[in-house]
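# Remarks on the overall topology
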Amino acid sequence: MHEDMERLIVFRDSKEAMALCGRQDENLKIISEGLNTEFFPSGNQIKLRGTEKDVLAAESLIKQMVLFLRQGIVIGPREITYGTKMAAAGQVEQLRNLFNDVIVSTYRGQQIRPKTLGQKDYIASIRRNDMVFGIGPAGTGKTYLAMAAAVAALKEKRIQRLVLCRPAVEAGEKLGFLPGDLQEKVDPYLRPLYDALYEMIGLENFQRYQEKGIIEVAPLAYMRGRTLDDAFIILDEAQNTTLEQMKMFLTRLGFGSKAVVTGDITQVDLAKGTASGLVLVQNVLNNVDGIGFIHLTEQDVVRHPLVQRVIKAFDNFQQLSLENKEAVRNAEKKERNKQ
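Because the structure is a prediction, the values reported are computed rather than measured. Each chain carries its own residue numbering, running from 1 in the written order of its sequence. Where local features are concerned, this predicted model is filtered to residues with pLDDT of at least 70; where side-chain atom pairs are given and counted, the filter is 80 or more; whole-chain, interface and lining totals use all residues. Heavy atoms from the whole structure form the basis of all side-chain values; hydrogens and water molecules are not counted.

Okay, the overall build of the protein next. The secondary structure content of the protein amounts to 11 helices and 11 strands. With respect to the three principal axes, the spread of C-alpha positions in the protein is 75 × 70 × 40 Å. Remark: exposure states derive from per-residue accessible area (1.4 Å probe, protein chains only) relative to the maximum for the residue type, with buried under 20%, exposed over 50%, and partly exposed in between. A burial count over the protein gives 45% of its 339 residues as buried. The criterion used for residue contact is that any of the two residues' heavy atoms lie within 4.5 Å. Across the protein, every contact between residues at least 6 apart in sequence was considered, and the portion connecting residues at least 24 apart equals 70%. Total accessible area on the protein stands at roughly 18,700 Å², and carbon and sulfur atoms take up 50% of it. Numbering of helices and strands runs from the N terminus; a helix is a DSSP stretch of H or I covering at least four residues, while a strand is a stretch of E covering at least two. Under the convention used here, a 1.4 Å probe and the Shrake-Rupley method define accessible areas, while residue burial counts only the protein chains that appear.

This next bit is on the side chain of Asn 129. Mapped onto the elements, Asn 129 comes out in the loop between helix 5 (117–128) and strand 6 (131–135). On the accessibility criterion, Asn 129 (11% relative accessible area) is buried. If sequence neighbours within four positions are ignored, Asn 129 has contacts with Lys 258, Gly 290, Ile 291 and Gly 292.

Among the nonpolar cores identified, the biggest contains 35 residues, and Tyr 122, Ile 126, Leu 197, Val 217 and Phe 232 are the most heavily contacted of them. For this core, the secondary structure elements donating two or more residues are helix 5, helix 6 (142–155), strand 7 (161–166), helix 7 (182–201), strand 8 (215–219) and strand 9 (231–235). The element best represented in this core is helix 6, accounting for 10 residues. Nonpolar core, defined: a set of buried Ala, Val, Leu, Ile, Met, Phe, Trp, Tyr and Cys residues in which side-chain atoms within 4.5 Å join the residues together. Counting 32 residues, the second largest nonpolar core, distinct from the first, contains Ala 17, Leu 28, Phe 39 and Ala 57.

Turning to the pattern of salt bridges, a few remarks are in order. Salt bridge, as applied in this entry: a Lys or Arg side-chain nitrogen positioned within 4 Å of an Asp or Glu carboxyl oxygen. Evaluation of the coordinates by the stated rule reveals 15 salt bridges. The closest approach of N and O atoms between Arg 127 and Asp 101, which form a salt bridge, is 3.0 Å. Pair noted here: Arg 127 is in helix 5 and Asp 101 is in the loop between helix 4 (77–88) and strand 4 (104–105), with a separation of 26 residues, a long-range link. Between Arg 166 and Glu 237 there is a salt bridge, with its nearest N and O atoms 3.2 Å apart. You can see Arg 166 sitting in strand 7 and its partner Glu 237 sitting in the loop between strand 9 and helix 9 (243–250), a full 71 residues away along the chain. Since its relative accessible area comes to 13%, Arg 166 is described here as buried. Through salt bridges with shared partners, one network takes in Arg 7, Glu 59 and Lys 63.

Looking now at helix 9. Side chains of residues three or four places apart in an α-helix project in the same direction, reflecting 3.6 residues per turn. Taken as a whole, helix 9 has its buried residues at Gln 245, Met 246, Met 248, Phe 249 and Leu 250. Check the buried side of helix 9 and you find it contacts strand 6, strand 7, strand 9, strand 10 (258–263) and helix 10 (277–285).

On to unusual backbone geometry, then. One non-glycine residue, Asp 25, lies in positive phi territory at about 60 degrees. Mapping Asp 25 onto the fold places it in the loop between helix 1 (14–21) and helix 2 (26–35). You can call Asp 25 partly exposed: its relative accessible area is 31%.

On to the packing of helix 9 against helix 10. The axes used here are C-alpha line fits, helices contributing only the stretch in contact, and every angle between their N-to-C directions lies in the interval 0 to 180 degrees. In contact at an axis separation of 8 Å, helix 9 and helix 10 are set at 65 degrees when each is read in the N-to-C sense. When the axes of helix 9 and helix 10 are compared, the crossing they make is right-handed. Listed contacts from helix 10 to Leu 243, Met 246 and Leu 250 of helix 9 are Gly 277, Leu 278, Leu 280, Val 281 and Leu 285. The residue classification treats Ala, Val, Leu, Ile, Met, Phe, Trp, Tyr, Cys and Pro as nonpolar and Asp, Glu, Lys and Arg as charged. All others, Gly included, are polar. Split by residue class, the contact of helix 9 with helix 10 holds 7 nonpolar, 1 polar and no charged. Each crossing gets its handedness from the near helix: less than a right angle anticlockwise from the far helix is left-handed, clockwise is right-handed.

So this is what it looks like as structure tokens:
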């Protein structure tokens, strides 16, 4: 039986303590759940109680987060959630260079930075290579971070235009049966890209850039036959491209340009029997110089703790259902054998 230990952390003032604890102590609740540690905040100090291993991990995490706060880095539930995972694995020291990497600031002054080590590797690969494939499940920041890197390049005048595209799989890339003009036809498929741009540069700037042709958002089918120089090109939802479409897109790259291809190979919406270009291209281009492949995982999905509990409940339910079905099959098999 492990004896509990206590530690006391003293902050500069109560304001710093409140910033670390979060609204209604939500940050402490995340750490408490992840590291099985009790917290007793009071004024400018927090007392920790739990097993030695958990308390020391929590103390190390809090002290690192306080250093971030003193550097002007905003610490919220996402940072705390990932930090707690790292602390549980004894890797708090790896957080030190993570949150310092600012990709770009939004028009409202919010700093966009990688939230996980996988995301940091992804951004490093984008900066290093002219063509990068970001592959991973939803919620890993594949598209959002690529967009942030593109906006940063545009602001720093390293490129002259930003081109964003998606395959409109549900409309068969023809889009003809949908009502309205071209823009109205493709908008439903491109909405996630618009939303990210609105957040980063604002609606007015987006509309002005779009009118000048500096930003272009279009379906993949309209990339055919073009060569794009001095551009940052993003292909989103690339798991829904064929190999021919993937080749067509990749050969649009011109001088002074950079391409980022993102997708989730577990969510392919192509017709049955049609191979995903994103799956196949990994074998085709894996050893080509200047091309980076980054595979993000569930570890790079920073979810609200409640969502994690919901997922766990569903997993348990599905596992129980499988066990019940197996039990029923075994009972039926025994009954048949008796007969």
